[in-house]
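Examining the three-dimensional arrangement
Each chain, letter by letter, is given below.
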Amino acid sequence: MTTSSRLRTLRDHIRWAVSRFHGEDLYFGHGTDNAWDDARQLVLGALHLPWEIADSYLDCNLEEEEIAHLQRLLHRRIHERVPTPYLIGEAWFCGMSFIVDERVLIPRSPIGELIENRFEPWLAQPPARILDLCTGSGCIGIACAYEFQDAEVVLGDLSFEALEVANQNIERHGVDERVYAVQGDGFDGLPGQRFDLIVSNPPYVDAEDFADMPDEYQHEPELGLACGDDGLNLVRRMLAEAADHLTEKGLLIVEVGNSQVHVEALYPEVDFAWLDFQRGGHGVFMLTAEQCRQHQAVFAAKV
């Protein structure tokens, strides 16, 4: 990329990036849904500038080192299809900044909307203990800790590498007195523990969808995306064991995305509550602890 002589300002780089992003048919779905927002996030984030920067600053000339840095990142975004949050090491979820890299998925779950609404009207009272299972970066659990200031929050994940990032985010947000990470496969690292709220965005992409995903997703850990032919290898186990880890009035909330069709086909006798979202998103179900107990034999038979 030999554009340094022509691109001197933030505005120059954003405009040029938007044009190239459109021309190269990039995919947007890791925190943005269009070329303009993606370009702005990359250019401003790369230089540690706030999204709400005054418009007049966009016309400031950049230093040569800044230009070179931006061009390297833009080259990777365009030619390697690296998602912008990985390039700048940061993603936003529930209005909060999280450290991300290729050890974890980029936060984008519609569950964020439920957190901001404090899981109303389903939670009868604020939860004392919350589990974020398959936590990745820790964004769901840490966001829950912000909303429920008195809750203890456990972040569980199979991946040691992911939990390293989650621990960085625990430290970043200063919640280490009430939030801690536990390594384990599903509930294996949590014997005998019960929670008022279990929230999970597990790997759920089925084999067909995984094969068709845009190149940007190839930079994310496969362990966090794919989970068997129907995407439900882990979800089956979670459902079979959830009753043993929920308090009497607890709630289980799980995102399964497009694999909703497989869930409904596999458990026709279960009345899943499929949640709606104002800002988009689908494939998130809720079950009460009572439902988990009622159907535990059914769930166990399908593991």
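In every chain, residue numbers begin from 1 and rise along the written sequence. The model is predicted, so local features are restricted to residues of pLDDT at least 70 and side-chain atom pairs to those at 80 or more, both for listing and for counting; the totals for chains, interfaces and linings are taken over all residues. Each side-chain value is derived from all of the structure's non-hydrogen atoms; neither hydrogens nor water enter the calculation.

**Overview of the overall build of the chain**
Threshold: Think of it this way: any DSSP run of H or I at least four residues long counts as a helix, any run of E at least two long counts as a strand, and we number them from the N terminus. Using C-alpha atoms as the atom set, the radius of gyration is obtained and then compared with a globule rule of 2.2 Å times the number of residues to the power 0.38. Buried residues are those whose accessible area, probed at 1.4 Å on protein chains only, stays under 20% of the maximum for their type, while exposed residues exceed 50% and partly exposed ones sit between those limits. In what follows, residue pairs with any heavy atoms lying within 4.5 Å of each other are defined as contacts. Surface exposure here means Shrake-Rupley accessible area, sampled with a 1.4 Å probe, where a residue is shielded only by the protein chains that are shown. Charge convention: Lys and Arg are scored as positive, Asp and Glu as negative, and His as well as the terminal groups of each chain are ignored. Charge positions are represented by NZ for Lys, CZ for Arg, CG for Asp and CD for Glu.
Along the chain, the regular secondary structure elements total twelve helices and nine strands. Computed over the C-alpha atoms, the radius of gyration of the chain is 21 Å, within 12% of the 19 Å expected from 2.2 N^0.38 for a compact globule of 303 residues. Across the 303 residues of the chain, 54% fall into the buried class. In the chain, once contacts between residues fewer than 6 apart in sequence are set aside, the share between residues at least 24 apart is 69%. Summed over all atoms, the accessible surface of the chain reaches about 14,000 Å², with 47% contributed by carbon and sulfur. Positive and negative side-chain charges of the chain, numbering 23 and 52 respectively, have mean locations separated by a distance of 3 Å.

**Considerations on the packing of helix α1 (residues 10-23) against helix α2 (residues 35-46)**
Heads up, the condition is: Fitted lines through C-alpha atoms give the axes, limited to the stretch in contact for helices. The angle between two N-to-C directions lies from 0 to 180 degrees. Reported orientations rely on four angle classes, namely roughly parallel under 35 degrees, roughly antiparallel over 145, roughly perpendicular from 65 to 115, and oblique for the rest. By convention the crossing between two helices is left-handed if the near helix lies anticlockwise of the far one by an angle smaller than a right angle, and right-handed if it lies clockwise.
In the contact formed by α1 and α2, the axes pass within 9 Å of each other and the chain directions differ by 135 degrees. For the element pair α1 / α2, the angle class is oblique. Two packed elements cross with a definite hand, and for α1 against α2 that hand is right-handed. Within the contact between the two elements, α1 uses Leu 10, His 13, Ile 14, Ala 17, Val 18, Phe 21 and His 22 and α2 uses Ala 35, Trp 36, Asp 38, Ala 39, Arg 40, Leu 42, Val 43 and Leu 44.

**Some remarks on unusual backbone geometry**
With omega at 5 degrees, the peptide bond leading from Glu 120 into Pro 121 counts as cis. Positive phi values are uncommon outside glycine, yet Asp 25 reaches one of about 60 degrees. Mapped onto the fold, Asp 25 is located in the loop between α1 and α2. For Asp 25, a relative accessible area of 63% gives the class exposed.

**With respect to the nonpolar core**
For clarity, the threshold we go by: Remark: nonpolar core denotes a set of buried residues (Ala, Val, Leu, Ile, Met, Phe, Trp, Tyr, Cys) joined through side-chain atoms within 4.5 Å.
Grouped together as the largest cluster of nonpolar side chains are 39 residues, with contacts concentrated most on Leu 239, Leu 252 and Phe 272. Counting residues per element, the ones that place at least two in this core are β3 (129-133), β6 (195-200), α9 (233-242), β7 (246-255), α10 (260-266), β9 (284-288) and α11 (289-294). The biggest single contributor to this core is α9, with six residues. Each residue touching Leu 252, except ones within four places of it in the same chain, is listed here: Ile 198, Leu 239, Ala 242, Leu 246, Phe 285, Met 286, Leu 287 and Cys 292.

**Notes on the layout of surface pockets**
Heads up, the condition is: Using a 1 Å grid laid over the protein atoms alone, points where a 1.4 Å probe fits but cannot get out form a cavity; open sets with protein on both sides within 12 Å along at least 5 of 7 lines form a pocket; any residue with an atom within 4 Å of a point counts as lining. Grid points are joined across faces, edges and corners, and a volume is the space filled by probe spheres set on the points. For this scheme, ten residues count as nonpolar: Ala, Val, Leu, Ile, Met, Phe, Trp, Tyr, Cys and Pro. Four count as charged, namely Asp, Glu, Lys and Arg, and the remainder, Gly too, count as polar.
Reported here for the second largest pocket is a volume of approximately 160 Å³. Lining the second largest pocket we find Trp 122, Leu 123, Ala 124, Gln 125, Pro 126, Pro 127, Asp 196, Thr 247, Lys 249, Gly 250 and Leu 251. The leading source of residues in the lining of the second largest pocket is β7, at four residues. Grouping the constituent residues of the lining of the second largest pocket by class yields six nonpolar, three polar and two charged.

**Brief notes about the domain arrangement of the chain**
We apply this condition: For the domain bounds, the source is a domain assignment made automatically or taken from a database. Put simply, buried area is how much 1.4 Å-probe accessible surface two parts lose in total, over both of them, once they are put together. Every case where a carboxyl oxygen of Asp or Glu lies within 4 Å of a side-chain nitrogen of Lys or Arg is listed as a salt bridge. The term polar contact refers here to a pair of N or O atoms within 3.5 Å; inside protein, the definition further demands a hydrogen-donor-capable atom paired with an acceptor-capable atom, and it admits residues adjacent in sequence only when both atoms are side-chain atoms.
Its domain assignment divides the chain into domain 1 (10-88) and domain 2 (102-301). On the side of domain 2, twelve residues touch domain 1, which itself brings eleven residues to the contact. Summed over both sides, the interface of domain 1 with domain 2 buries roughly 1,000 Å², with 63% coming from carbon and sulfur. The largest contributions to the domain 1 side of the interface with domain 2 come from Tyr 27, His 30 and Tyr 86, which together make up 61% of the buried area. Summed over the shared surface of domain 1 and domain 2, the number is one salt bridge. Residue Arg 77 is joined to Glu 216 by a salt bridge in which the shortest nitrogen-to-oxygen separation is 3.1 Å. Connecting domain 1 to domain 2 are six residue pairs in polar contact (both at pLDDT 80 or more). If you list the elements that add at least two residues to the side of domain 1 that touches domain 2, you get α3 (64-80) and α4 (84-88). Among the residues making up the side of domain 1 that touches domain 2, the classes are represented as six nonpolar, two polar and three charged.

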